[in-house]
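# Examination of the molecular architecture
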Amino acid sequence: MAADWLGSLVSINCGPTLGVYQGEVSSVDQSSQTISLRQPFHNGVKCTVPEVTFSAIDIKELKILNIRNDNARTNCSAPTKVSSTPVAVPKNDPRSVEKLNSPQHCSKSYGDRHLDVPGQLKGFRRRHNSWSSSSRGANQATPKKNGVKNGQMKHRDDECFGDGVDDGLDTDFDFEGNLALFDKAAVFSEIDISERRNGARSRGTPQEQTPSRYRHDENILEAKPIVYRQITVPQPGAKEYCTDSGLVVPSISYELQKRLLSVAERYGLSLERRLEMTGVCASQMALTLLGGPNRFTPKNLHQRPTVAVLCGPHVQGAQGISCGRHLANHEVEVILFLPNFVKMLDSVTSELTLFNKTGGKQVSNIKDLPDTPVDLIINCLDCHENTFLMDQPWYQAAADWANQNRAPVLSLDPPVNGQGQAVEAKWSLSLCLPLPLPEGAGRVYLCDIGIPRQVFQEVGIKYHSPFGCKFVIPLHSA
């Protein structure tokens, strides 16, 4: 009797601890109450051993999935109690699938046998695939043929589109059981070893991880080490600055700056060209401080900003006049203060002539300056050489007006002196290389006036431009 079941496909449920096994019966020992399965599957996964033996004590439930071919005819004619609960057949075993769908077993499919079970509820719902005969419309019916061919076609339809193919779909997939079989640590360990072997970046610890997101201007490729000190001077000044990108910009003395400008003028960078370049950079910075594109729009013509430019009779004053001319050309209401002098520098006279063609307002008396606060004050009263100007009445009156106006102050090319700043500035704009400015100079900015690199080298300065794509950059105290 036990030998009749050899070769049959069965499913053995050993409870939640041991799980469910499926396979082909290889031996049945009635004396020891054991059964052995050949090519077993454990919870839907093929076992590594070729055969597994079970004791009757461990078996909670045993289901027959397929009977050996020898007894197929007998088993089909005899009523067999088949469980109405679908059981997943191992799909990785081609022989089991072949036995399940083979036409040599019974003319009825596995779903048809379910319907023939006595006492089964009539509400049992069979699952079909989208191509089953029950789901075809009237226009898609299989053509009928007479004779023996009709039976052969029906048999082929049942074999190809029968319900037996969908039996395994009725069983829910055991996600938790299959997830427990996945060793995540071992898999990631193999991936790390493979990446290290291939030279790829490993995950490593959080401290060793490379950033997964980069800025749009950040290079992800390996590059040479960055040298942040690209400018060296023969006599370092008292202070050092750094740019937003970390480049070190040392300060220089006024004597070295004067010698640098003298060499540049000898090569063709005249005073007039420096004044023009300084005026453009200073006006661009002033337009940004006044609001930039948010302020200077056609809708704001009725709210033109007002800028007061305080100038003295020297080169710094000529730079301020040039800046005021460019601001006036950009629809800024400019009020230029310049005292009356019997004789002034030619550069001041020529810049003043150009400024008067812009329609800007020029005053020589402090009383003519506005009493209400202006949008910006540009201070060009100080000079690098003539410090005695600070004792002049017009200078003290202009400094007092600037300090009482409550408007932010931009100092253009401020000097370094031991007497301090008469006008407290919020920003200071230096030329080419900064001077060691005191704390009262505010935030320091640097502008490029177009001095070539070889001119720097001639005075002993190893120079590499820190400006990048800009002509005016901010500096920070190092």
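Per chain, residues are indexed from 1 in the order of the written sequence. Only residues with pLDDT of at least 70 get local features here, since the model is predicted, and only at 80 or more are side-chain atom pairs given and counted; chain-wide, interface and lining totals rely on the full set of residues. Excluded from the side-chain calculations are hydrogens and water; all other atoms, namely the structure's heavy atoms, are used.

Naming follows an unreviewed UniProt entry, where the protein chain appears as Enhancer of mRNA-decapping protein 3 of Mastacembelus armatus. One UniProt comment on the protein chain, placed under Sequence similarities (unreviewed entry), says "Belongs to the EDC3 family." UniProt, in the comment section headed Subcellular location (unreviewed entry), describes the protein chain in these words: "Cytoplasm, P-body". UniProt positions are given in the numbering used here, feature names are shortened, and annotations may be inferred rather than shown by experiment.

The next point concerns the pattern of salt bridges. Salt bridges are defined as contacts in which a side-chain nitrogen from Lys or Arg sits within 4 Å of a carboxyl oxygen from Asp or Glu. A full pass over the atoms with the stated rule returns 9 salt bridges. In this structure, Arg 274 engages Glu 265 in a salt bridge whose closest nitrogen and oxygen atoms are separated by 3.8 Å. Two residues, Glu 276 and Arg 325, come together in a salt bridge whose shortest N-O distance is 2.7 Å. Of the two residues, Glu 276 is situated in helix α9 (residues 271-289) and Arg 325 in helix α10 (residues 315-329); the sequence distance between them amounts to 49 residues. Where salt bridges share partners, they join Glu 276, Arg 325 and Glu 351 into one cluster. Helix numbering and strand numbering both begin at the N terminus, where a helix is a DSSP run of H or I of at least 4 residues and a strand a DSSP run of E of at least 2.

What follows concerns the environment of Leu 437. If you trace the backbone, Leu 437 turns up in the loop between β14 (427-431) and β15 (443-447). The spacing of Leu 437 and Pro 415 is 22 residues in sequence and 7.7 Å in space, taken between C-alpha atoms. Residue contacts are defined here by distance: any two heavy atoms, one from each residue, within 4.5 Å place the two residues in contact. If near-sequence neighbours (up to four positions away) are discounted, Leu 437 is found in contact with Lys 239, Tyr 241, Pro 414, Pro 415, Val 416, Ser 428, Ser 430 and Val 444.

The geometry of α9 relative to α10 is characterised by a closest axis approach of 8 Å and an angle of 55° between their N-to-C directions. Relative to α10, the element α9 is oriented oblique. As for the relative orientation of α9 and α10, their crossing is right-handed in sense. Mapping the contact onto sequence places Leu 271, Leu 275, Glu 276, Thr 278, Gly 279, Val 280, Ala 282, Ser 283, Ala 286 and Leu 287 in α9 and Val 315, Ala 318, Gln 319, Ser 322, Cys 323, Arg 325, His 326 and Leu 327 in α10. Any residue that is not Ala, Val, Leu, Ile, Met, Phe, Trp, Tyr, Cys, Pro, Asp, Glu, Lys or Arg is counted as polar, Gly included; the first ten are nonpolar and the last four charged. For the contact of α9 with α10, the per-class residue count stands at 10 nonpolar, 6 polar and 2 charged. Only the contacting stretch of a helix is used when fitting its axis, a line to C-alpha atoms as for every element, and angles between N-to-C directions run 0 to 180 degrees. What sets the label is the angle itself: under 35 degrees gives roughly parallel, over 145 gives roughly antiparallel, 65 to 115 gives roughly perpendicular, and the rest give oblique. Note on convention: the crossing is left-handed when the near helix lies turned anticlockwise from the far helix by less than a right angle, right-handed when the turn is clockwise.

Between the rings of Phe, Tyr and Trp (Trp by its six-membered ring), a pair exists once the centres lie within 6.5 Å; its type follows the angle of the planes, with under 30 degrees stacked, over 60 edge-to-face, and the other angles tilted. For the structure on display, the rule yields 5 aromatic pairs. Between Phe 456 and Tyr 463, the aromatic rings sit 3.9 Å apart at their centres with planes inclined by 5°, giving stacked as the arrangement. For the pair Phe 456 and Tyr 463, one class covers both residues: buried. Three or more aromatic residues joined by ring pairs form one cluster here, namely Phe 341, Trp 394 and Tyr 395. For each residue, the accessible area found with a 1.4 Å probe, counting protein chains only, is set against the maximum for its type, and the residue is called buried under 20%, exposed over 50%, and partly exposed in between.

Residues other than glycine predominantly adopt negative phi, and peptide bonds predominantly adopt the trans conformation. Positive phi values are uncommon outside glycine, yet Gln 39 reaches one of about 50°. Within the secondary structure layout, Gln 39 lies in strand β3 (residues 34-42). With a phi close to 65°, Arg 406 is a non-glycine residue in the positive phi region. Topologically, Arg 406 is positioned in the loop between α12 (393-404) and β13 (409-412).

Here the expected length of a helix is defined as 1.5 Å per residue gap, with one fewer gap than residues. In a regular helix each residue adds 1.5 Å, so 13 residues correspond to 18 Å; helix α8 (residues 254-266) covers 18 Å between its end C-alpha atoms and thus fits that length. Taken together, the buried positions of α8 are Leu 256, Gln 257, Leu 260, Leu 261, Val 263 and Ala 264. Projected down its long axis, α8 carries its buried residues within an arc of 160°, all on one side. Exposed and oriented more than 90 degrees from the buried face of α8 are Glu 255 and Arg 266. Turning to α8, the residues buried within the fold contact α9, β14 and α13 (453-458). The directions from the helix axis to the C-beta atoms form the arc being described.

Here we come to the sheet that holds strand β7 (residues 240-242). Strands were regarded as paired on the criterion that DSSP finds at least two bridges between them. Overall, antiparallel pairing links the 3 strands, which are arranged β8-β7-β17 in an open sheet. The open sheet terminates on both sides in strands that have one partner only, identified here as β8 (248-250) and β17 (476-477). Pairing of β7 with β17, which is carried by 2 bridges, proceeds in the antiparallel orientation. Paired with Cys 242 across the two strands is His 476, which belongs to β17.

Another aspect to go through is the nonpolar core. The nonpolar side chains of a soluble globular protein tend to be buried, and buried together. Side-chain atoms within 4.5 Å are what join buried Ala, Val, Leu, Ile, Met, Phe, Trp, Tyr and Cys residues into a set we call a nonpolar core. Membership of the largest hydrophobic core comes to 62 residues, with the highest contact counts inside it found for Leu 327, Ile 378, Leu 429, Ile 451 and Ile 461. The contact partners of Leu 429, leaving out residues within four places of it in the chain, are Cys 281, Ala 282, Met 285, Leu 410, Ser 411, Leu 412, Asp 413, Pro 414, Tyr 445, Leu 446, Cys 447 and Val 472. Membership of the second largest hydrophobic core comes to 23 residues, among which are Ala 308, Met 390, Trp 394 and Trp 401.

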